[in-house]
Structures are given as C-alpha cells and as structure tokens.
Amino acid sequence: MTDFDMDVVQAALVGPSDPEIVALEARLRRAQLDADVPTLAELIADALLFTGPDGQLGTKAQDLDAHESGAVRFRRHDPEELRVRRVGSDVAVTALRARLAVEVGGTLVEGSYRYTRVWAREGGGSWRVVGGHVSGV
C-alpha cells in the first residue's frame, strides 16, 4: 500500500477521522485491485459472514479462490464515501460507497456499490473483516 492508496480512501471519509480503520480499508482496496491473495487472507476472518450482491453468503475460501483464479478481477475501485463507526476498542463498522469495474467470469460489471463491513480484533489478534454485505446502489 502506498501513501496514494491511503490518500484516495481518506479523501472519501465523511465524519470523524479514524486513521487505523481508514488504513485497513485502503489496504483491502489495494489487495482487491492487485488480486493480492496473501494480504486478503490476512485481512479476512476465517469464519467470515459476507453477503454478496446476489444475496448469497460467501466464505473466505470462496473469495480467495475467486481472486486467485481470476474469476473475479477488480479493474477499478474509486471510493466515493466512507463512514466509520467504532463499537468499543475492538470492533468497527464501515460503510463504503465506491465506483467499481469488476470482471466476473470474463464479463465486465460496472457501477456504484455500497459495502458494509464489520472489522474486529478477535482474541487480541489483528483487525479482520468478520462480516459484511455489498449491494448495488
């Protein structure tokens, strides 16, 4: 992740600053764009509960496989609005609206999407996405 990545996400922030969570969102964005499976594996909880835009639950393994195989390939990820809400010292909820261009199974899908993510430090570990949802807006 570069300072540019941090600046892009920081520029979308609405409300109080939270550099720690903004940095996590920037790291996740960069990993998605680069199909950086090791970083994605580090940032996503093993017992992830995530609902995709089709309403289906997805697992960490499915997400990592999609990036590794190229079945999903982020071509553009432009954050438009990011809101962060801390829930204690070990949980944060983010709402990110972004303009995306993503190849899914060889077909380019473009549009604005909203992610809701729950970040948590479980058992004193590092921050990971433990739950979330994405839908078109």
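Shown above is the structure to which this text applies.
The structure displayed is predicted, hence computed values, not measured ones.

Draft legend 1. Representation of the overall build of the protein chain. The secondary structure content of the protein chain amounts to four helices and six strands. Counting helices and strands in the order they occur from the N terminus, the protein chain gives α-α-α-β-β-α-β-β-β-β. At 14 Å, the protein chain has a C-alpha radius of gyration in line with the 14 Å of a compact globule built from 137 residues. For the protein chain, the spread of C-alpha atoms along the three principal axes comes to 40 × 30 × 30 Å. Per-residue burial for the protein chain yields a buried fraction of 42% across its 137 residues. Restricting the contact set of the protein chain to residue pairs at least 6 apart, pairs at least 24 apart contribute 53%. On the protein chain, roughly 6,900 Å² of surface is accessible, and the fraction owed to carbon and sulfur atoms is 52%. In the protein chain, 16 positive and 21 negative side-chain charges are present, and the distance between their average locations comes to 4 Å.

Draft legend 2. Up close: unusual backbone geometry. Of note, Ala35 is a non-glycine position whose phi angle comes to about 50°, a positive value. Tracing the sequence through the fold places Ala35 in the loop between helix H2 (19–34) and helix H3 (37–43).

Draft legend 3. Region of the structure containing helix H4 (residues 60–69). Where H4 is concerned, the buried positions are Lys60, Leu64, Ala66 and His67. Each buried residue of H4 sits inside an arc of 160° when the element is viewed along its axis, so together they form one side.

Draft legend 4. Quick look at the packing of helix H1 (residues 3–11) against H2. It is the contact of H1 with H2, at a shortest axis distance of 9 Å, that shows an interaxial angle of 115°. Note that H1 runs across H2; the crossing there is right-handed. From H1, Asp5, Met6, Val8, Val9 and Gln10 reach across to H2, where they touch Pro19, Val22, Ala23, Glu25, Ala26, Arg29 and Arg30. Taken together, the residues of the contact of H1 with H2 sort by class into seven nonpolar, one polar and four charged.

Draft legend 5. A look at the sheet that holds strand E5 (residues 107–121). The six strands lie next to each other as E2-E1-E6-E5-E4-E3, forming an open sheet whose pairing is mixed. Whereas interior strands pair on both sides, the edge strands pair on one side only; in this sheet they are strand E2 (57–58) and strand E3 (72–86). Judged from the four bridges that link them, strand E1 (residues 44–51) and strand E6 (residues 127–136) form a sheet pairing that is parallel. Each residue of the ladder has a partner; that of Thr51, found in E6, is His133. Packing against the sheet, H2 makes contact with E3, strand E4 (91–104), E5 and E6, and its axis sits at approximately 170° to E3. Where H4 meets the sheet, it contacts E1, E2, E3 and E6, and its direction lies at approximately 90° from that of E1.

Draft legend 6. How the structure looks around the packing of aromatic side chains. On inspection of all chains with the given rule, the structure shows zero aromatic pairs. The cationic tip of Arg117 hangs over the ring face of Tyr115; the distance from NZ or CZ to the ring centre is 4.5 Å.

Draft legend 7. Structural context of the pairing of E3. Pairing geometry for E3 and E4, over 13 bridges, is antiparallel. In the strand pairing of E4, Arg86 is matched with Ala92. Hairpin connection from E3 to E4: four residues lie between these consecutive antiparallel strands, with Gly88 at a positive phi of about 80°.

Cut-offs applied
Residues numbered from 1 in each chain as written. Predicted model: local features only at pLDDT ≥ 70, side-chain atom pairs only at ≥ 80, totals over all residues. Heavy atoms only, no water. Helix = DSSP H or I, 4+ residues; strand = E, 2+ residues; numbered from the N terminus. Rg over C-alpha atoms; globule rule 2.2 N^0.38 Å. Buried < 20%, exposed > 50% of the residue type's maximum accessible area, 1.4 Å probe, protein only. Contact = heavy atoms within 4.5 Å. Areas by Shrake-Rupley, 256 points an atom, 1.4 Å probe, with all protein chains shown as cover. Lys, Arg positive; Asp, Glu negative; His and termini not counted. Charge placed at Lys NZ, Arg CZ, Asp CG, Glu CD. Arc of directions from axis to C-beta. Axes fitted to C-alpha atoms, helices over the stretch in contact; angles between N-to-C directions. Left-handed = near helix turned anticlockwise from the far one by under 90°. Nonpolar A, V, L, I, M, F, W, Y, C, P; charged D, E, K, R; others polar. Pairing = 2+ DSSP bridges. Phe/Tyr/Trp six-rings, centres within 6.5 Å; stacked < 30°, edge-to-face > 60°. Lys NZ or Arg CZ within 6 Å of the ring centre and 35° of its normal.

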